[in-house]
Amino acid sequence: MSDSSDTHFDVIVIGSGTSAYYCATPLIKAGKRVAIVDERPFGGTCALRGCQPKKYLVANADAVAMARHLVGKGIVESPVTDWKALQALKNEFLEGRSEEEVKDWREAGATPIQGRARFVAEDAIEVDGQRLTAETIVIASGGSPIRADVPGKEHIGISDDFLDLAELPERIVFVGGGYISFEFAFVAAYAGADVTILQRSEQVLKLFEPEMVEIVLEAAAEIGIKVRTSEQISSVEEVDGELKITTTSDALIEAQVVIEATGRAPNLSVLDGGEGNIDHSRGGVSVNESMQSVSNPRVFAIGDCAASGPALAPVGDEHGKTVAKSILDGDLHLPRLEVIPSAAFTIPSLASVGLTEKEAEEKGLKFRIHRNLAISWASSTRIGEKHAGFKVLVDESDGSILGAHLARHDAGEVINIFALAMKHGIKADDLADFPWAYPTMSSDLKNMVR
């Protein structure tokens, strides 16, 4: 690039993940001149280092678990995971994906640029010494794993490292009690590893209803996953190829691999130097309700790098759509995030939407609770599921769904129906009376709301 026509754009999007996609695509279709800049391979965390490759591993664990649950009930013996073949399957999905992303952007009419971006003015960034300007700049740089600062930290890996393990170790420790640690813990345990989870506080899986979390913890204990709460790593030492992990309670744990998954921090390296006049904090870029920078109106921030909303892919998608609409209309719009379902792909899976019981009480709402275990239901017994339950909050005044919380097979699919009902005002009685295809997991909704 040399002249101003090569270096000036209507919109520059920094990042190439899911939120960037949903922002850039409508802008390009509307004829805007768009540049997409990423210092890492194109595609973002969800496609390359998170949601998608993770589900390849989870699907394998699900298959092994379901067969194991049915041993003696129609299945002769439990299958065994071939870790190398599983990794080959996952890598087949990833092979050439980033290059294809770049090709797709070019064919769509965008200008993809590989390199590290840094603001050098309110309307300009620099990428590998090249100055680029734009009427609007959208930061969609995502987040990066939080790293512990303890002796021996060089021996501690992150989620990317687990996803790329060439061989599964005999013993593995996950640091952190969130959904990433628990999902990987079930994957590793069902593949044959001895698994320990360390959580610094007393509560794990804090984003989910505690009663449902207890069901998952019971399932974890049954397959040998050890969960140690109120405990952190104080040091890691490598001795003869083994890792010696000392905890804050002076316990010693031996493992071949330690994976840290204590959360992610906004990736704000693009702001280094402070030249963009963009206010930010540890929580991300400071934005108004329309995802616009509070200090530089030329700039928007979307997804995990913005100090707004939970760090979920669907939230980032909605941010991107909203900002694109604001840019095209010339008026600011608000993201539609009234109902946000979420799921953790443990075994059984966890899923949640809306208010927890505690939150509903704090709001002073009048509601009834439908809760029970589901292990006696045919949908559970036919797959040998021994850990399953639900909790649904229904408004006393009008029968609307206030919240739904599930811990069972396919919870991540069924929760979407609850979310859709909440979004469009479908009442509990309507869900109970609907003629669901039967017998299906979703047809169990009628037993959860009456």
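S.K.: Describe the state of the cysteines, and please don't skip the residues or the numbers.
M.R.: Overall, the coordinates contain one disulfide when judged by the stated rule. Through a disulfide, C46 is tied to C51; the S-S separation comes to 2.5 Å. Residues C46 and C51 are joined through a disulfide that is left-handed, its torsion about the S-S bond being -120 degrees. The thiol sulfur of C23 is not disulfide-bonded, and the nearest other cysteine sulfur, from C305, lies at 11 Å.

S.K.: Break down the packing of aromatic side chains for me, citing the residues and quoting the values.
M.R.: Going through the model one piece at a time under the given rule, you end up with nine aromatic pairs. Between W83 and F162, the ring centres sit 5.9 Å apart and the planes meet at 65 degrees, which makes this aromatic pair edge-to-face. Here the residue W83 occupies a position in helix α5 (residues 83–94), and F162 occupies one in helix α7 (residues 159–163), the gap between them amounting to 79 residues. Overall, the relative accessible area of 7% leaves W83 in the buried class. Lying over the aromatic face of F345, K55 brings its terminal NZ or CZ to 4.1 Å of the ring centre.

S.K.: Explain α5 to me, and be specific about the residues and the numbers.
M.R.: Given a rise of 1.5 Å per residue, 12 residues ought to cover 16 Å, and the 17 Å separating the end C-alpha atoms of α5 matches this to within 8%. For α5, every residue scored as buried is listed here: W83, L86, Q87, K90 and L94. Buried residues along α5 cover an arc of 95 degrees about the axis, so they all sit on one side. The exposed residues of α5 that point more than 90 degrees off its buried face are K84 and E92. Among the residues trailing α5, G96 stands out with phi positive, at a value near 75 degrees.

Here is what the cut-offs are and how they apply
- Residues numbered from 1 in each chain as written.
- Predicted model: local features only at pLDDT ≥ 70, side-chain atom pairs only at ≥ 80, totals over all residues.
- Heavy atoms only, no water.
- Disulfide = S-S within 2.5 Å.
- Phe/Tyr/Trp six-rings, centres within 6.5 Å; stacked < 30°, edge-to-face > 60°.
- Helix = DSSP H or I, 4+ residues; strand = E, 2+ residues; numbered from the N terminus.
- Buried < 20%, exposed > 50% of the residue type's maximum accessible area, 1.4 Å probe, protein only.
- Lys NZ or Arg CZ within 6 Å of the ring centre and 35° of its normal.
- Expected span 1.5 Å × (residues − 1).
- Arc of directions from axis to C-beta.

Just distances and angles here, no functional claims.
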